[in-house]
There are 2 protein chains.
Amino acid sequence: MRPQSIIAAKRDGKILNREQIDSFIEGVTDGSWADYQISALIMAMFLNELNSDEQAHITQAMLHSGEVLDFSSIEKPKSDKHSTGGVGDKTSLIIAPLVAACDVAVPMVSGRGLGHTGGTLDKLESIPGYNVNLSTDEFKRIVSECGYAMSGQTADIAPADKKIYALRDATATVPTIPLIVASIMSKKLAEGLDSLVLDVKTGNGAFMESLEDATRLAKAMVETGESCGVKTKALITDMSQPLGAYVGNALEVYECVKILRNDPLEHSEPLVQLSLELAARMLEMSGRAETVVEAMGILKSKIEDGSALDKFRLNTEMQGGDAAVCDTPEKLIDESLLVREVLAENDGFVESIDTKGVGFAICDIGGGRVKAEDDVDPAVGYASLASIGTEIREGDPIGVLYCRNESQFEAAGEALLSSYKIGNSTLKMEALIKDVVG
Amino acid sequence: MRPQSIIAAKRDGKILNREQIDSFIEGVTDGSWADYQISALIMAMFLNELNSDEQAHITQAMLHSGEVLDFSSIEKPKSDKHSTGGVGDKTSLIIAPLVAACDVAVPMVSGRGLGHTGGTLDKLESIPGYNVNLSTDEFKRIVSECGYAMSGQTADIAPADKKIYALRDATATVPTIPLIVASIMSKKLAEGLDSLVLDVKTGNGAFMESLEDATRLAKAMVETGESCGVKTKALITDMSQPLGAYVGNALEVYECVKILRNDPLEHSEPLVQLSLELAARMLEMSGRAETVVEAMGILKSKIEDGSALDKFRLNTEMQGGDAAVCDTPEKLIDESLLVREVLAENDGFVESIDTKGVGFAICDIGGGRVKAEDDVDPAVGYASLASIGTEIREGDPIGVLYCRNESQFEAAGEALLSSYKIGNSTLKMEALIKDVVG
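Keep in mind that what you see is a predicted model, and the values were worked out from it rather than measured. (Residues numbered from 1 in each chain as written. Chains lettered and ligands numbered in written order. Predicted model: local features only at pLDDT ≥ 70, side-chain atom pairs only at ≥ 80, totals over all residues. Heavy atoms only, no water.)

1. Section: helix H9 (residues 177-189) of chain A
Residues and elements named next belong to chain A.
Right, so step 1: A rise of 1.5 Å per residue sets the reference length of H9, with its 13 residues, at 18 Å; its end C-alpha atoms lie 17 Å apart and thus fit the reference within 8%.
Right, so step 2: Burial runs high along H9: twelve of the 13 residues are buried.
Right, so step 3: Regarding H9, the residues found buried are Ile 177, Pro 178, Leu 179, Ile 180, Val 181, Ala 182, Ser 183, Ile 184, Met 185, Ser 186, Lys 188 and Leu 189. (Helix = DSSP H or I, 4+ residues; strand = E, 2+ residues; numbered from the N terminus. Expected span 1.5 Å × (residues − 1). Buried < 20%, exposed > 50% of the residue type's maximum accessible area, 1.4 Å probe, protein only.)

Here it is in structure tokens:
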């Protein structure tokens, strides 16, 4: 099948059949399609869209472009969570050990941070020695022995996605639901899951800012997951302010260890709630609980009895990390940092927080990446003290910056202050969980 | 300016300004845009189209991506003709010497044949020794001394067009009027013309089969030419049957020499008429005649008095060709060919001719190219005897094949026969010239 005939069909608004989509993805994988042909078709898909059949076919073709993990030797149900990304979003570090403690296997393939959002791999690497570059064999062994493992995407998983994603980034074709779905789901389904819960963020810190777009994305992902034989549910959750107490890689791990130690920080409540809600769906779909309420009870008990922390400790050891952070989480905070409050300049209520602005402020002092090849400073970050609706007076701290020097404090402090809108209205808080799809 | 921001603007249906278009074409020319970025923007342009301002800007940017010929040392008006291509379309070989004989300079940059259509360069190369690969200096000198020159596109002319055209061919983005216009007009305007006449073909042997599409293309080209300060007119002409007596490179040159010798073949009348109509517009726009009628009279006199043939002879000598073909045009016909009639299998009238089918039949026996890198057999071809409306009886010849052997005759003969629809209706002939634009 000639690339041109497939490109022409989508150009003219036709529905591509399975054979045409397979031919495209094979061509991407084996290099017989040139980059410029791939990008022409991607633009045609962007503008003429894909229907739900095409959506399922392209996801399956991308999934099967590489290795699909085989966990048939593990008798437990396999479940995972995926988030579309946000600021301070660190639920993976809580959910994986917590769900593993409930006798569900969690083979979690994660990504790195880019732009204003963080990435699970970067957070984990702030634990001294922790290795996220596992071979497929190591990954399987740790899932089998510990109950969960955390790793980056290997070259063997969905190679067509890797190629297509790089081209989309360079050709202004990232923000389109069918290709976002195919990219996420092809990687997640390669984990050989029985069930998957999706955390689709909405609000000014999310890629899909509007609730409408987030809902469309959630529905498309659930439909695609189910059509591939994986039980799938999505929560649509608020990202109009940073999630939990901290933003910044090591600080976020610190926050999670405190939660797993059943000793949560003052501002961690939304993070705990969201982690439990997501984990509860995993237990429910895995048959470990009849209802979400029952699942929540089980999950809380696994924190209280220390078994979630035990899983975290075992995983950290097996992945080469320093498990002493489980006993002394303060070890994660670099003592040489300049720690200084960011002070409000007027009285009022926090009306809104430019969440992307907060993410970029931390990114700009080294806490994240502007380009994929940038290095990250795991220590720097920010403790958010004033959430939306908080009453504040001039001179009160809105948060605390953890930075390297005065000039970083000046730059990031100013960026953070201008991210907070302080005014006279007392707004209704946004619900943390806005909808459940599936 | 980042390529992504320009791609995103056209993706979202915005109008690109001159700065954005210049940045794109500069990036194509200097290699700073990757091929996959070019093709993504091209697909977005295909689907979201270009308005007339964008059309003019991209043409000018492509034109100025390379050398623009400077004929200021030649005092005569400079004029050229361009055809969108067809089967048996050989007017360039008649028009160039004829108009040059009327004291108008004709700097004619031409192309090669591809698919069912022929190309002027291939036809000229069937004259032994004729060189179409002229340097810019040689080209200018021959235009100056002879009045016309015929050459292929040098690397220096509109390099951005060359790159973009190759990508369009590979990405199913050829058939879109704005990019067709930019491609044709950027090359033609690089010839440093005062005026240009366009022959826009319509019918089943043309790229733009419908009259509506051909008219849109003609209007866009005329508008673009005028906006670049070049007087431009377009004739919309019939391509529902091969033009003139012959199809095939050497045979077509033979037909043209016969016309220039004022000794036209029996079936050459439409070719003569169209050549005169096009050439008349060139004379009129060049100020050599007040009206088309006056111009036609002048042109006919230049054939009758032999001065057009003299120009052809001088040009052939200056471009290294064997000018003996001017005295003995039969030299152009290879005596070793198998020459055999294709016989009708039923009685009736020629209701239609699948003109593309005729073109491909000759292409397939070596008379044209399937791929750009194919070699061409200049000798093979076809004499069309039965035009639309001709009454025919079973066993009468519909044409004569000039081929290499029996198996070529079998294949091409069958393809040709099936291209002719012979039935009972006597159809109204299509007008040769359907409209004049500009």
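Here the narrative resumes, following the displayed structure.
2. Here we look at the sheet that holds strand E12 (residues 420-423) of chain A
Residues and elements named next belong to chain A.
Right, so step 1: Spatial strand order, E10-E8-E12: three strands in an open sheet with antiparallel pairing. For this open sheet the edge positions go to strand E10 (391-392) and E12, each flanked by a neighbour on one side alone.
Right, so step 2: Relative to E12, strand E8 (residues 348-353) runs antiparallel, the two being bridged by four bridges. Bridge pairing links Ser 352 to Lys 421 in E12. (Pairing = 2+ DSSP bridges.)

3. Section: the nonpolar core
Right, so step 1: The biggest cluster of nonpolar side chains holds 121 residues, and the ones touching the most others in it are Val 200, Tyr 382, Ile 398 and Leu 401 of chain B.
Right, so step 2: Both domains that furnish three or more residues to this core are identified here as domain 2 (79-155 + 174-329) and domain 3 (334-423) of chain B.
Right, so step 3: In this structure, Ile 398 of chain B is in contact with Val 342, Ala 344, Tyr 382, Ser 384, Leu 385, Ala 386, Ile 392, Leu 416, Leu 417, Tyr 420 and Ile 422 of chain B, ignoring residues within four places of it in sequence.
Right, so step 4: Membership of the second largest hydrophobic core comes to 120 residues, among which are Ile 236, Ile 365, Ile 422 and Leu 432 of chain A. (Core = buried A, V, L, I, M, F, W, Y, C linked by side-chain atoms within 4.5 Å. Domains from an automatic or database assignment. Contact = heavy atoms within 4.5 Å.)

4. What about a negative patch on the surface?
Residue and element names in this part refer to chain A.
Right, so step 1: On the surface, Glu 345, Glu 394, Glu 410 and Glu 414 cluster together into a patch of negative charge.
Right, so step 2: Tracing the chain through its elements places Glu 394 in the loop between E10 and strand E11 (397-403).
Right, so step 3: Residue Glu 394 is classed as exposed on the basis of its relative accessible area, which comes to 58%. (Patch = residues over 30% accessible without salt bridge, like charges linked within 9 Å, V, L, I, M, F, W, Y side chains within 5 Å. Areas by Shrake-Rupley, 256 points an atom, 1.4 Å probe, with all protein chains shown as cover. Salt bridge = Lys/Arg side-chain N within 4 Å of Asp/Glu carboxyl O. Lys, Arg positive; Asp, Glu negative; His and termini not counted. Charge placed at Lys NZ, Arg CZ, Asp CG, Glu CD.)

5. Topic: the relation of the copies chain A and chain B
Comparison of the two chain copies shows a relationship of rotation about an axis with a shift along it.
Right, so step 1: Placing chain A over chain B gives an RMSD of 0.1 Å and needs a rotation angle of 179 degrees, together with 0.0 Å of translation along the axis. The two molecules are tied by a two-fold rotation axis, judged by turn and shift. Every residue of chain A has its C-alpha some distance from the rotation axis, and the shortest such distance is that of Tyr 36 of chain A, at 1.9 Å.
Right, so step 2: The residues that chain A uses at the interface reappear at the interface of chain B in 100% of cases, marking a shared surface. (Least-squares fit on C-alpha atoms with pLDDT ≥ 70 in both.)

6. Considerations on unusual backbone geometry
Right, so step 1: In this structure, Ala 158 of chain A takes a positive phi of about 40 degrees despite not being glycine.
Right, so step 2: Among the structural elements, Ala 158 of chain A can be located in the loop between strand E3 (148-152) and helix H8 (159-170).
Right, so step 3: When its relative accessible area of 0% is taken as the criterion, Ala 158 of chain A is described as buried.
Right, so step 4: Despite not being glycine, Asp 103 of chain B shows a phi value in the positive range, around 65 degrees.
Right, so step 5: Here Asp 103 of chain B lies in the loop between helix H5 (91-100) and strand E2 (106-110).
Right, so step 6: The exposure class of Asp 103 of chain B is partly exposed, given its relative accessible area of 40%.

7. Focus: the sheet that holds strand E1 (residues 79-83) of chain A
All names here are of chain A.
Right, so step 1: The strand order E1-E4-E5-E13 describes an open sheet built from four strands, whose pairing is mixed. Of all strands in the sheet, those with a lone pairing partner are E1 and strand E13 (433-437), marking the two edges. With strand direction ignored, the average angle separating the axes of adjacent strands in the sheet is 15 degrees.
Right, so step 2: Relative to E13, strand E5 (residues 231-238) is paired through four bridges, and the arrangement is antiparallel. Each bridged residue has a counterpart across the sheet, and for Ile 236 the counterpart in E13 is Asp 435.
Right, so step 3: Contacts from helix H12 (residues 269-285) reach E1, strand E4 (195-202), E5 and E13, with the element oriented near 150 degrees to E4. (Axes fitted to C-alpha atoms, helices over the stretch in contact; angles between N-to-C directions.)

8. Looking at the state of the cysteines
Right, so step 1: This structure, assessed with the given rule, holds zero disulfides over all chains.
Right, so step 2: In this structure Cys 326 of chain A is not part of a disulfide, and its nearest cysteine sulfur, from Cys 146 of chain A, lies 11 Å away. (Disulfide = S-S within 2.5 Å.)

9. Considerations on the side chain of Thr 237 of chain B
Right, so step 1: Here Thr 237 of chain B is to be found in strand E5 (residues 231-238).
Right, so step 2: Those residues in contact with Thr 237 of chain B, other than ones at most four positions away along the chain, are Asp 199, Val 200, Lys 201, Thr 202, Leu 274, Leu 432 and Ile 433 of chain B.

10. Brief notes about the interface of chain A and chain B
Many analyses report the size of an interface as the accessible area lost when the parts associate.
Right, so step 1: The interface of chain A with chain B comprises 20 residues on the first partner and 20 residues on the second.
Right, so step 2: Summing both partners gives a buried area of about 1700 Å² for chain A against chain B, and 72% of it is carried by carbon and sulfur.
Right, so step 3: Of all residues in chain A, Arg 11, Tyr 36 and Leu 47 of chain A bury the most surface against chain B, accounting for 34% of the area lost on that side.
Right, so step 4: Viewed at the interface, chain B and chain A are joined by zero salt bridges.
Right, so step 5: The interface formed by chain A and chain B contains nine residue pairs in polar contact (both at pLDDT 80 or more).
Right, so step 6: Of all the secondary structure elements, the ones that give two or more residues to the side of chain A that touches chain B are helix H1 (3-11), helix H3 (35-48) and H8 of chain A.
Right, so step 7: The dominant element in the side of chain A that touches chain B, judged by the number of residues it contributes, is H3 of chain A, at ten residues. (Buried area = accessible area lost by both parts, 1.4 Å probe. Polar contact = N/O pair within 3.5 Å; in protein donor to acceptor, adjacent residues only side chain to side chain.)

11. A word on the packing of aromatic side chains
Right, so step 1: Under the counting rule described, the total for this entry stands at six aromatic pairs over all chains.
Right, so step 2: Relative to Tyr 254 of chain B, the ring of Tyr 246 of chain B lies with its centre 5.9 Å away and its plane at 70 degrees, an arrangement referred to as edge-to-face.
Right, so step 3: When its relative accessible area of 8% is taken as the criterion, Tyr 254 of chain B is described as buried.
Right, so step 4: Taken together, Tyr 246, Tyr 254 and Tyr 402 of chain A form an aromatic cluster joined through their ring pairs.
Right, so step 5: One cation-aromatic arrangement involves Arg 340 of chain A over Phe 409 of chain A; the distance from NZ or CZ to the ring centre is 5.0 Å. (Phe/Tyr/Trp six-rings, centres within 6.5 Å; stacked < 30°, edge-to-face > 60°. Lys NZ or Arg CZ within 6 Å of the ring centre and 35° of its normal.)

12. Concerning the packing of helix H2 (residues 18-30) of chain B against helix H4 (residues 52-63) of chain B
All names here are of chain B.
Right, so step 1: Between H2 and H4, the shortest axis-to-axis distance is 9 Å and the interhelical angle comes to 35 degrees. Along this stretch, H2 crosses H4, giving a crossing that reads as right-handed. For the pair formed by H2 and H4, the contact residues are Arg 18, Ile 21, Asp 22, Phe 24 and Ile 25 on the first element and Glu 54, His 57, Ile 58, Gln 60, Ala 61 and Met 62 on the second.
Right, so step 2: Per-class residue counts for the contact of H2 with H4 are six nonpolar, two polar and three charged. (Left-handed = near helix turned anticlockwise from the far one by under 90°. Nonpolar A, V, L, I, M, F, W, Y, C, P; charged D, E, K, R; others polar.)

13. Observations concerning the environment of Ile 95 of chain B
All names here are of chain B.
Right, so step 1: Looking at the secondary structure, you find Ile 95 in helix H5.
Right, so step 2: Taking the relative accessible area as the measure of exposure, Ile 95 reaches 0% and is therefore buried.
Right, so step 3: Spatially, the C-alpha atom of Ile 95 lies 38 Å from that of Leu 16, the residues being 79 residues apart in sequence.
Right, so step 4: In this structure, Ile 95 is in contact with Lys 81, Ala 100, Ser 275, Leu 278, Ala 279 and Met 282, ignoring residues within four places of it in sequence.

14. As for the side chain of Lys 188 of chain A
Right, so step 1: Along the chain, Lys 188 of chain A falls in helix H9.
Right, so step 2: Once residues lying within four places of it in the same chain are set aside, the contact partners of Lys 188 of chain A are Asp 80, Lys 81, His 82, Met 108, Val 109, Leu 193 and Leu 196 of chain A.

15. Let's talk about the pairing of E1 of chain A
Right, so step 1: For E1 of chain A, a buried count of five out of five residues is recorded, marking the element as mostly surrounded by other parts of the structure.
Right, so step 2: Alternating positions in E1 of chain A separate into two faces, Ser 79, Lys 81 and Ser 83 of chain A on one and Asp 80 and His 82 of chain A on the other, with burial throughout.

16. Here's the deal with the pattern of salt bridges
Right, so step 1: Scanning the entire structure with this criterion turns up 58 salt bridges over all chains.
Right, so step 2: Between Asp 122 of chain A and Arg 112 of chain A there is a salt bridge whose closest N-O contact spans 2.9 Å. Of the two residues, Asp 122 of chain A sits in helix H6 (residues 120-124) while Arg 112 of chain A sits in the loop between strand E2 (106-110) and H6, which places them ten residues apart along the sequence.
Right, so step 3: Ionic pairing is found between Lys 123 of chain B and Glu 252 of chain B, a salt bridge with its closest N-O pair at 2.7 Å. Within this pair, whereas Lys 123 of chain B is found in helix H6 (residues 120-124), its partner Glu 252 of chain B is found in helix H11 (residues 249-260), the two being separated by 129 residues in sequence.

17. Structural notes on H4 of chain B
Residues and elements named next belong to chain B.
Right, so step 1: The terminal C-alpha atoms of H4 lie 16 Å apart, and with twelve residues this matches the ideal 16 Å at 1.5 Å per residue to within 8%.
Right, so step 2: Where burial is concerned, most of H4 is hidden: ten out of the twelve residues are buried.
Right, so step 3: Listed in full, the buried residues belonging to H4 are Glu 54, Gln 55, Ala 56, His 57, Ile 58, Thr 59, Gln 60, Ala 61, Met 62 and Leu 63.
Right, so step 4: Backbone nitrogen of Asp 53 and a side-chain oxygen of the N-cap are separated by 3.1 Å at the start of H4; the cap is Asn 51.

18. Digging into the pairing of E2 of chain A
Residue and element names in this part refer to chain A.
Right, so step 1: The buried fraction of E2 amounts to five of the five residues, a majority that puts the element mostly inside the structure.
Right, so step 2: Residues Val 106, Met 108 and Ser 110 point to one face of E2 and Pro 107 and Val 109 to the other, with burial holding for every one of them.
Right, so step 3: Of the pairings in the sheet, the one linking E2 to E3 comprises five bridges and is parallel in character. Within E3, the residue paired with Val 109 across the bridge is Ser 151.

Take it as geometry only, folks, not as evidence of what the structure does.
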